[in-house]
Amino acid sequence: MVPAAQPPVMVFDGVCLSFGGECVLERISFEVARGETLVIQGAAASGKTLILKLALGLIRPTRGRIHLFGEDVTEYRDPQWNGIRARIGMLFQEGGLFDSLTVEENVAYPLLNQKRTPLTEDEIRRRVEESLEFVELGHTLDKFPSELSGGMRRRVGIARAIVTQPELLLYDSPTAGLDPITATTIMALIVKGRDMSHATTVMVTHRHQDGELLDRYRWDPAAGGLAPAEPGSSRTRYMVLREGKIVFLGTPAEFDACEDPYVAKFASR
């Protein structure tokens with residue numbers, strides 16, 4: 001018997017969003033298959049971060065439907081969202097850490113607040129330590145965010161995003177405000193998280209280099225770093241937004257070949 005095809009991890013079907021009568025997202029339709037990578041680009045205020053907020057249930061669409069993991073979540077209330085959010089890891093802009101909590105407490109927060117799989121204190125501690133070792137910050141458990149550099153705070157944010165071992169990872173401008181070397185380090189960790197967990201990945205970014213790293217490189221466990229990927233093996237697609245509308249959705253090759261002047265601003269050329 002041929003196994004049934006798995007539903008897409010994320011589907012937006014004709015999603016519109018308005019604030020105070022002003023339309024900020026218009027007829028947004030796309031889907032992200034399991035294991036796929038979607039890179040979302042566009043000018044400031046084009047609606048990129050709003051898509052992530054909708055996918056987390058932080059805001060509700062004015063019209064249209066949203067499906068996650070095969071479930072129509074459009075009308076879900078907070079109690080119903082708890083189980084869905086436990087399957088999603090999110091890196092907010094600037095890391096989004098709680099200043100009053102230690103690094104350990106920040107990373108443990110999703111485990112303490114998700115009810116899908118209750119864990120013992122020892123299990124939570126082990127998961128937190130593993131996640132921090134993953135981003136090479138195992139020595140920072142007792143530190144506060146204010147004691148860390150911007151790049152280190154972003155790495156703690158990644159540790160918190162992956163600590164629940166999520167099926168879907170969302171990244172909101174993970175390299176914004178970082179120097180090029182630190183930005184590359186962050187992107188290497190994102191590739192590592194994607195490839196080692198086979199997670200579906202959606203990333204908002206202003207930098208075309210970030211998308212290229214996701215598309216063209218893979219994590220090599222033996223070397224402990226990035227290595228060139230076979231073309232197409234990363235299953236990466238690009239989406240470009242302009243004033244709340246999708247103006248491009250396609251493969252990296254289609255992205256680079258697109259002649260639209262606005263889209264070309266974000267492509268590698």
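Before reading further, recall that the structure is shown in the block above.
Residues numbered from 1 in each chain as written. Predicted model: local features only at pLDDT ≥ 70, side-chain atom pairs only at ≥ 80, totals over all residues. Heavy atoms only, no water.

**With respect to the overall build of the chain**
So, point 1. Broken down by element type, the chain carries nine helices and twelve strands.
So, point 2. For a compact globule of 269 residues, the expected C-alpha radius of gyration is about 18 Å, and the chain comes in at 18 Å, within 12% of that figure.
So, point 3. Along the first, second and third principal axes, the C-alpha atoms of the chain reach 50 × 50 × 40 Å.
So, point 4. By the burial criterion, 49% of the 269 residues in the chain qualify as buried. (Helix = DSSP H or I, 4+ residues; strand = E, 2+ residues; numbered from the N terminus. Rg over C-alpha atoms; globule rule 2.2 N^0.38 Å. Buried < 20%, exposed > 50% of the residue type's maximum accessible area, 1.4 Å probe, protein only.)

**As for the pairing of strand E2 (residues 22-32)**
Look at any regular strand and the pattern is simple: side chains alternate between the two faces of the sheet.
So, point 1. Taken together, the seven bridges between strand E1 (residues 10-19) and E2 define a ladder with antiparallel strand orientation. Each residue of the ladder has a partner; that of Phe19, found in E2, is Glu22.
So, point 2. The hairpin formed by E1 and E2 contains two residues between the paired strands, and Gly20 there has a positive phi angle of roughly 60 degrees. (Pairing = 2+ DSSP bridges.)

**So, the packing of helix H6 (residues 180-197) against helix H7 (residues 208-216)**
Geometry of a packed helix pair, given as the angle between the helix axes and the separation of the axes.
So, point 1. H7 packs onto H6 with a crossing angle of 35 degrees between their chain directions and a minimal axis gap of 10 Å. The two elements H6 and H7 cross, and the hand of that crossing is right-handed. Touching Met187, Ile190, Val191 and Arg194 of H6 are Asp210, Leu213 and Leu214, all from H7.
So, point 2. Grouping the constituent residues of the contact of H6 with H7 by class yields five nonpolar, no polar and two charged. (Axes fitted to C-alpha atoms, helices over the stretch in contact; angles between N-to-C directions. Left-handed = near helix turned anticlockwise from the far one by under 90°. Contact = heavy atoms within 4.5 Å. Nonpolar A, V, L, I, M, F, W, Y, C, P; charged D, E, K, R; others polar.)

**Looking at the sheet that holds strand E8 (residues 200-204)**
Pairing between sheet strands relies on hydrogen bonds along the backbone, with the strands arranged either parallel or antiparallel.
So, point 1. Strand order in the open sheet formed by six strands is E6-E7-E8-E3-E11-E12, and the pairing between neighbours is mixed. One side of each edge strand has no neighbouring strand; the edge strands of this open sheet are strand E6 (88-91) and strand E12 (245-250). Within the sheet, the average angular offset between the axes of one strand and its neighbour, ignoring direction, is 15 degrees.
So, point 2. Pairing between strand E7 (residues 168-172) and E8: five bridges, direction parallel. Within the sheet, the bridge partner assigned to Asp172 lies in E8 and is Val204.
So, point 3. Running at roughly 145 degrees to E7, helix H1 (residues 48-55) makes contact with strand E3 (37-42), E6, E7, E8 and strand E11 (236-242) of the sheet.

**Describing the nonpolar core**
So, point 1. Counting 44 residues, the largest nonpolar core has Val107, Val128, Leu132, Val135, Val156, Ile158 and Phe255 as the members making the most contacts within it.
So, point 2. Those elements giving two or more residues to this core turn out to be helix H3 (103-113), helix H4 (121-134), helix H5 (150-162), E7, H6, H7, E11 and helix H9 (261-264).
So, point 3. It is H6 that contributes the most residues to this core, six residues altogether.
So, point 4. Once residues within four sequence positions are removed from consideration, Val156 is found in contact with Leu97, Val103, Val107, Leu132, Leu137 and Leu148.
So, point 5. Met10, Phe12, Val15 and Leu56 belong to the second largest nonpolar core, which has 32 residues in total. (Core = buried A, V, L, I, M, F, W, Y, C linked by side-chain atoms within 4.5 Å.)

**Considering unusual backbone geometry**
One can expect most non-glycine residues to show negative phi and most peptide bonds to be in trans.
So, point 1. Of note in this structure, Ala45 is not a glycine but carries a positive phi near 65 degrees.
So, point 2. In this structure, Ala45 sits in the loop between E3 and H1.
So, point 3. For Ser173, which is not glycine, the phi torsion reads 50 degrees and is therefore positive.
So, point 4. Along the chain, Ser173 falls in the loop between E7 and H6.

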